[in-house]
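What follows is the residue order along each chain.
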Amino acid sequence: MPTPPNNEAELLDRARRLAGCALGRLARDLGRDTPENLRRHKGWIGELLEHALGASAGSLPEPDFPELGVELKTIPVTRRGLPRESTYVCTVPLEAHGETWQTSWVRRKLNRVLWFPVEAEPDTPLAERRLGTPLLWSPDAEQEDGLRADWEELMDMVCMGGLEAITAHHGSWLQIRPKAANARALTAAVGADGAPILTLPRGFYLRPAFTAEILRRHFALPGV
DNA sequence: AGCTGATCATAT
DNA sequence: ATATGATCAGCT
């Protein structure tokens, strides 16, 4: 396991050296096996990159690089560089906290992100998929305003007992969807009448249109 | 074809 | 159970 990077420049330098590398070769270099597919190994690419870059937070509720305040996110992309999936951000707090956007977990996580695009053509064997060019990002004022608006609207509903009325259709850039091992995993929340209920754990996700814009601005793909 | 709701693995 | 890492797969 590499030591954690000492600063952002070192992190970005390490990341850039991995651009173009096939997942199978990176795994072999790190002494890891490459699974046939991701069906039973959904977090494999993210964990591989954590290992390769010296991330240290493990499964703690911290950014991947705590000393730098940087979160690592892999992002599956088409050959045109467009995201194939939404991006998980964090769990939704379902019991009222009096939390504000400024202190929110979403904002802390998204304040500084190292995006790592990864080829994700279903026809390409996992081992042959290549890493793209990484990008160190912070939300600009417009992006943060939009995220804050979504977060406040969604969290108002959660705190007012409207959780069960929230679907993935809510939110322009940030949405709330289930985030659970399965449909039997339940957690405490506030029900419609303000009474405690048990419900499916939820997570905040960034819509693909939002991450597409992040990638587009930096790679300026012509004709896409 | 894209999106929403559901699910898989691991560590603590 | 809750945190981490996400993608799967059925429905519209």
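Up top is the structure these notes are about.
Each chain has its residues counted from 1, running along the sequence as written. All chains are assigned letters beginning with A, and all ligands numbers beginning with 1, in the order in which they are written. A pLDDT threshold of at least 70 governs which residues receive local features in this predicted model, and a stricter bar of 80 or more applies before side-chain atom pairs are shown or counted, although totals over entire chains, interfaces and linings include all residues. Side-chain metrics in this entry use all non-hydrogen atoms of the structure; hydrogen atoms and water are not considered.

All right, on to the packing of helix 5 (residues 141–159) against helix 6 (residues 208–219) then. Remark: helix 5 packs on helix 6, axes separated minimally by 13 Å, with the N-to-C direction vectors making an angle of 175°. Comparing their axes, helix 6 and helix 5 come out roughly antiparallel. Two secondary-structure elements touch here, helix 5 through Glu 142, Gln 143 and Leu 147 and helix 6 through Phe 210, Ile 214 and Arg 217. Residues are grouped as follows: Ala, Val, Leu, Ile, Met, Phe, Trp, Tyr, Cys and Pro are nonpolar; Asp, Glu, Lys and Arg are charged; all remaining types, including Gly, are polar. Here the contact of helix 5 with helix 6 is built from residues that sort into three nonpolar, one polar and two charged. To obtain each axis, a line is fitted to C-alpha atoms, and for helices this fit is confined to the stretch in contact; angles are then taken between N-to-C directions over 0 to 180 degrees. A run of H or I in DSSP counts as a helix once it spans at least four residues, and a run of E counts as a strand once it spans at least two, with each numbered from the N terminus. Any angle from 65 to 115 degrees is called roughly perpendicular, while one under 35 is roughly parallel, one over 145 is roughly antiparallel, and all others are oblique. Any two residues whose heavy atoms approach within 4.5 Å are treated as being in contact.

Here we have three strands laid out as an open sheet, ordered 1-3-4, and mixed in their pairing. Sheet topology places strand 1 (71–77) and strand 4 (135–137) at the edges, where each strand pairs with a single neighbour. Direction aside, the axes of adjacent strands within the sheet are offset by 30° on average. Strands in contact with helix 6 are strand 1, strand 3 (113–119) and strand 4; relative to strand 4, the strand with the most contacts, it is inclined by about 115°. Should DSSP find at least two bridges between two strands, the strands are taken to pair.

Moving on, we come to the protein's contact with DNA strand C. Only a single heavy atom is needed: when it lies within 4 Å of a molecule or strand, its residue is near that molecule or strand. Neighbouring residues of DNA strand C: 26 residues in total, closest Asp 64, Thr 74, Lys 179, Thr 187 and Tyr 205. Backbone atoms, meaning sugar plus phosphate, form 68% of the atoms of DNA strand C positioned within 4 Å of the protein. Between N or O atoms, a polar contact is any pair within 3.5 Å; within protein, one atom must be a potential hydrogen donor and the other a potential acceptor, and residues adjacent in sequence are included only when both atoms are from side chains. One of the side-chain nitrogen or oxygen atoms of Thr 91 is found 3.4 Å away from a phosphate oxygen of DNA strand C. Elements represented by at least two residues in the surface near DNA strand C include exactly helix 3 (44–53), strand 1, strand 2 (87–91) and helix 4 (105–110).

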